[in-house]
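Chain by chain, the residues:
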Amino acid sequence: MTEAILLVGGKGTRLRPLTVHTPKPMVRAAGVPFLTHQLARARAAGVEHIVLATSYLAEVFEPYFGDGSALGLHLEYVTEEEPLGTGGAIRNVASRLHSGPDEPVLIFNGDILTGLDIPALVDTHRSTGADVSLHLTKVTDPRAYGLVPTDDTGRVLAFLEKPQTPEEIVTDQINAGAYVFRRSVIDTIPAGRPVSVERETFPQLLAAGAHLQGMVDSTYWLDLGTPAAFVRGSADLVLGKAPSPAVPGRCGDRLILPTARIAPDAKVTGGTVVGEGAFVAEGARVFGSTILPGAVIEPGAVVTDSLIGTRARIGERSVLTGTVVGDGAVVGPDNELLDGARVWCDALIPAGAVRFSSDQ
């Protein structure tokens, strides 16, 4: 048995207003809380025991997932009273682990959608005798990430935080946010204070001569930290581009959940998911978007690459592109909201109040 820690304590500030009432891992992607996809993939890889390190809106997780038996898992929950960072969160839940000192413990970040071959990462860890093994992926522009150069055997040479000049970009390999720790290494992380594994734990282990192994897996990988990325990730799950055994239906051009209603002449495509009780009215067009439960898309509205919150309403003929509309918000008729627009929960935008082009 391999057990795991799932880090789900972040506030998800970059995703607001989606995370005003809902912790980031519980925001729905492809019809279910995003965390469901991570738990299901871990279970499919043979993981049986997972400890969730919670903090922000911690009270939401256990009522939904319970003891995990519905997913074939044993789940436990540990809540941080004060945010402890990635390393501090890992150390804070260590007492709930059952593994022996030399056994592997998987660690996942709660905002990464990935097709990582989990058994291959564990096998790499065991076969190389590493203290910590890291999932690495290659990106075209690594400036927003921490670089992880390795030698020709995959052994990690350094951790370079967010390079800015061409000279600093020595590799296109980045830390992809999934790790295997030797159980005893977790106990070396300082307890009771904030610790970053990226900036403190890993560099200190490397300086002390520990064996850190990188495994490059360049299958699907997406950081869901921004609204645009979250919407894209949900669409990719529906389309089958991102793998998950937890998608509640067959992969295809759209996912319509039970009790959702779509008018006969409405067009819903591009990996769109329409949640329970939602309604897409006649003549509306929805592409690559997430329509959460109870939301209404009125006649003639056009919604593209957007996320429409629970019980929100999009008025007739309004055009939304790359927009997030919070829970309960109302966008009146004949508005035009473009890339990056965020409408807060319960806000009301009157008819024709916001446009980026002429109303003619």
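Because the structure is predicted, anything quoted here is derived from the model rather than measured.

Our next topic: unusual backbone geometry. Residues R16 and P17 are joined by a peptide bond in cis, for which omega reads 15°. Among the secondary structure elements, P17 is positioned in the loop between strand 1 (2-7) and strand 2 (28-29). Backbone geometry at D305 places phi at a positive 50°, although glycine is not the residue there. Assignment of secondary structure puts D305 in the loop between strand 22 (302-304) and strand 23 (307-308). Assessed through its relative accessible area of 38%, D305 is described here as partly exposed.

How big an interface is tends to be expressed through the accessible area that disappears when the partners come together. Once the domains are mapped, the protein chain shows domain 1 (2-223) and domain 2 (253-349). Taking only C-alpha atoms into account, the centre of domain 1 sits 33 Å from that of domain 2. Between domain 1 and domain 2, the contact holds 11 residues from the first and 15 residues from the second. Carbon and sulfur atoms make up 66% of the area that domain 1 and domain 2 hide from each other, which totals about 1,000 Å². Broken down residue by residue, the surface that domain 1 buries against domain 2 is led by P17, L18 and R28, which jointly contribute 52%. At the junction of domain 1 and domain 2, the tally comes to 3 residue pairs in polar contact (both at pLDDT 80 or more). Classifying every residue of the side of domain 1 that touches domain 2 gives 5 nonpolar, 3 polar and 3 charged.

Once that is clear, we can look at the UniProt feature "domain: Nucleotidyl transferase" (unreviewed entry) in the protein chain. Feature annotation in UniProt places "domain: Nucleotidyl transferase" (unreviewed entry) on residues 4-236, given in this structure's numbering. Structurally, residues 4-236 comprises 26% helix and 26% strand, and the distance from its first C-alpha atom to its last is 25 Å.

Within this numbering scheme, the UniProt entry marks residues 252-332 as carrying the feature "domain: Mannose-1-phosphate guanyltransferase C-terminal" (unreviewed entry). The annotated region residues 252-332 carries 0% helix and 42% strand content, and the separation between its end C-alpha atoms amounts to 31 Å.

Let us look at the packing of aromatic side chains. Counted by the stated rule, this structure contains 7 aromatic pairs. Summarising the aromatic geometry, the rings of F159 and F202 are spaced 5.3 Å apart at their centres and angled 25° between planes, so their arrangement reads as stacked. Of this pair, F159 sits in the loop between strand 9 (146-147) and strand 10 (160-161) while F202 sits in helix 6 (residues 197-207), and the two are 43 residues apart along the sequence. The exposure class of F159 is buried, given its relative accessible area of 17%. By relative accessible area, which is 0% here, F202 ends up buried. Relative to F181, the ring of Y179 has its centre 6.3 Å away and its plane inclined at 80°; by these criteria the two rings are edge-to-face.

So, how was this worked out
- Residues numbered from 1 in each chain as written.
- Predicted model: local features only at pLDDT ≥ 70, side-chain atom pairs only at ≥ 80, totals over all residues.
- Heavy atoms only, no water.
- Helix = DSSP H or I, 4+ residues; strand = E, 2+ residues; numbered from the N terminus.
- Buried < 20%, exposed > 50% of the residue type's maximum accessible area, 1.4 Å probe, protein only.
- Domains from an automatic or database assignment.
- Contact = heavy atoms within 4.5 Å.
- Buried area = accessible area lost by both parts, 1.4 Å probe.
- Polar contact = N/O pair within 3.5 Å; in protein donor to acceptor, adjacent residues only side chain to side chain.
- Nonpolar A, V, L, I, M, F, W, Y, C, P; charged D, E, K, R; others polar.
- UniProt positions renumbered as here; feature names shortened; annotations may be inferred.
- Phe/Tyr/Trp six-rings, centres within 6.5 Å; stacked < 30°, edge-to-face > 60°.

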